[in-house]
Amino acid sequence: MDLIVPFLIRQKVIPDVNDTLPTIIPTKNQPQYFNYNHHLHPLTLVTFSNKVATAAGAQINIFDDEGEMMLCDACLTPIHKSRPPHMYCSCSKCKFFLHLSCHKLPSELEHDHGEGPHKLSLSVKGASYLSNCCFCLHQTNGLFYRCEDCSFKIDVKCASLPAVIRHAANRRLKLIGRYVKRGQVFYCSACGYQISGFKGYAYASENHDFNLHPACAMLPRIVRHTWEKHPLPLAYPPYSHHSGDIYCEICEQEIHRKRWTYHCCQCDQFFHPDCLSRCGYYRNMKFGRQLVLENCHRSDHPLTFTLGSPRQRCSLCPTDVYGKKAFECASCSFSCCFMCAGTDVLK
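This is a predicted model, so every value here is computed, not measured.

**Describing the overall build of the chain**
Counting secondary structure elements, the chain contains four helices and 28 strands. For the chain, the proportion of its 347 residues judged to be buried stands at 46%. Pairs at least 24 residues apart make up 49% of the contacts formed inside the chain by residues separated by at least 6 positions. For the chain, the computed accessible surface area is about 18,700 Å², with 50% contributed by carbon and sulfur atoms.

**Side note on the environment of E294**
Summarising the element assignment, E294 is placed in the loop between strand 25 (290–291) and strand 26 (303–307). Given a relative accessible area of 63%, E294 falls into the exposed group. Between the C-alpha atom of E294 and that of A341, which follows or precedes it by 47 residues, the distance is 9.5 Å.

**With respect to the pairing of strand 5 (residues 87–90)**
Going residue by residue along strand 5, you find M87 and C89 tucked away on one face and Y88 and S90 tucked away on the opposite face as well. In terms of strand pairing, strand 2 (residues 43–47) meets strand 5 through four bridges, oriented antiparallel. In the sheet register, L45 faces strand 5, and the bridge partner there is C89. Note that strand 5 and strand 6 (residues 97–98) share two bridges and pair antiparallel. Across the sheet, the residue bridging to C89 is L98, located in strand 6. What sits between the antiparallel neighbours strand 5 and strand 6 is a turn of six residues.

**Here's the deal with the sheet that holds strand 20 (residues 228–235)**
With antiparallel pairing, four strands are arranged side by side in an open sheet as 19-20-23-24. Lying at the two open borders of the sheet, with one neighbouring strand each, are strand 19 (222–225) and strand 24 (269–271). The mean inter-strand angle of the sheet, taken between neighbouring strand axes irrespective of direction, is 35°. Bridge analysis of strand 20 against strand 23 (residues 261–264) gives two bridges, and the strand direction is antiparallel.

**Quick look at the packing of aromatic side chains**
For the coordinates displayed, the defined rule picks out 12 aromatic pairs. Ring centres 6.4 Å apart and planes at 45° place the aromatic pair Y36 and F96 in the tilted group. With Y36 in the loop between strand 1 (33–34) and strand 2 and F96 in the loop between strand 5 and strand 6, this residue pair connects regions lying 60 residues apart in the sequence. The two residues Y36 and F96 agree in class, both being buried. Put simply, the rings of Y282, F287, F305, F327 and F338 pair up and form one aromatic cluster.

**Considering the side chain of H213**
Here H213 shows up in the loop between strand 18 (211–212) and helix 4 (214–217). Among the residues examined, H213 registers a relative accessible area of 18% and is labelled buried. The contact partners of H213, leaving out residues within four places of it in the chain, are C188, C191, Y193, Q194 and I195.

**A word on the sheet that holds strand 14 (residues 170–179)**
One open sheet holds the four strands; their spatial order is 13-14-17-18, and the pairing between them is antiparallel. Either end of the sheet is taken by a strand with one partner, and the two such strands are strand 13 (164–167) and strand 18. The pairing of strand 14 with strand 17 (residues 201–204) spans four bridges and is antiparallel. Residue G177 lies in a different strand from strand 17, and its bridge partner there is Y203.

Conventions we followed
- Residues numbered from 1 in each chain as written.
- Predicted model: local features only at pLDDT ≥ 70, side-chain atom pairs only at ≥ 80, totals over all residues.
- Heavy atoms only, no water.
- Helix = DSSP H or I, 4+ residues; strand = E, 2+ residues; numbered from the N terminus.
- Buried < 20%, exposed > 50% of the residue type's maximum accessible area, 1.4 Å probe, protein only.
- Contact = heavy atoms within 4.5 Å.
- Areas by Shrake-Rupley, 256 points an atom, 1.4 Å probe, with all protein chains shown as cover.
- Pairing = 2+ DSSP bridges.
- Axes fitted to C-alpha atoms, helices over the stretch in contact; angles between N-to-C directions.
- Phe/Tyr/Trp six-rings, centres within 6.5 Å; stacked < 30°, edge-to-face > 60°.

Printed below as a string of structure tokens:
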């Protein structure tokens, strides 16, 4: 909502924040179904139940019947109840969910990715097919915009980013989005890595003393992890309450004291952003969808796209798939790494 709705207003798709509903509204007696160009099955509008009622301004993530967090298949962020209208789009045949705002994403737009405006079209390959976003450099299986004249692709969140932002890490500075020219080198104030090279993009202050990768600028303010019962807010240096070194609870590697981290204040535990699935390398992926890969496994045993289970190796090669993209069978112990699954899912 924080990215998509302002983007829709700038694109003149909706006139204001309150006009985000589709034109078809379901009645209590007869649910209304409608087609969506980027999904095979018809969708219906679902109203949040009273079980997820929340105070004004609060956000509560919604979970499906199997206890899995519901993610929007367009922007790959959680479906949550935070403000009216308390509705979302859902497919009754598969785990496809859609924010009302994402339903109104324009099918075409113009985007300047360093070489003047290009025409982009809204596209999708499928829940288990990955595309590389040329903007944030993360893989995604959500919706993305594709340039008709070149190979440029950008996921819907990156396409929705404004030209100028302010960040909670340094609210006094206005950060202007710009492409880094050849020979220029900036360093990201969040992760410490370079922002350089051909078509590199940065949010930079006027004197370039505070710069952010687009992916770092979009790190969620609060995340959750199965190892930690408390919510983890994004923390910024200095960490003055710690006199010694600080270490990530997941990878057990030292955390640079000038880098951003996620910190549990109650347990005093730190986490690298990249070590957390909802903001790390797999931040733009949705897991859980099933498919049949006849070249790998029997057709009557569908495989689930997931992060590999502990002590699990690929059944076709010796690759350790724990914590990596993999396809696992719920009916037997078969597991397949992403490479053995074939080139079709890698495009």
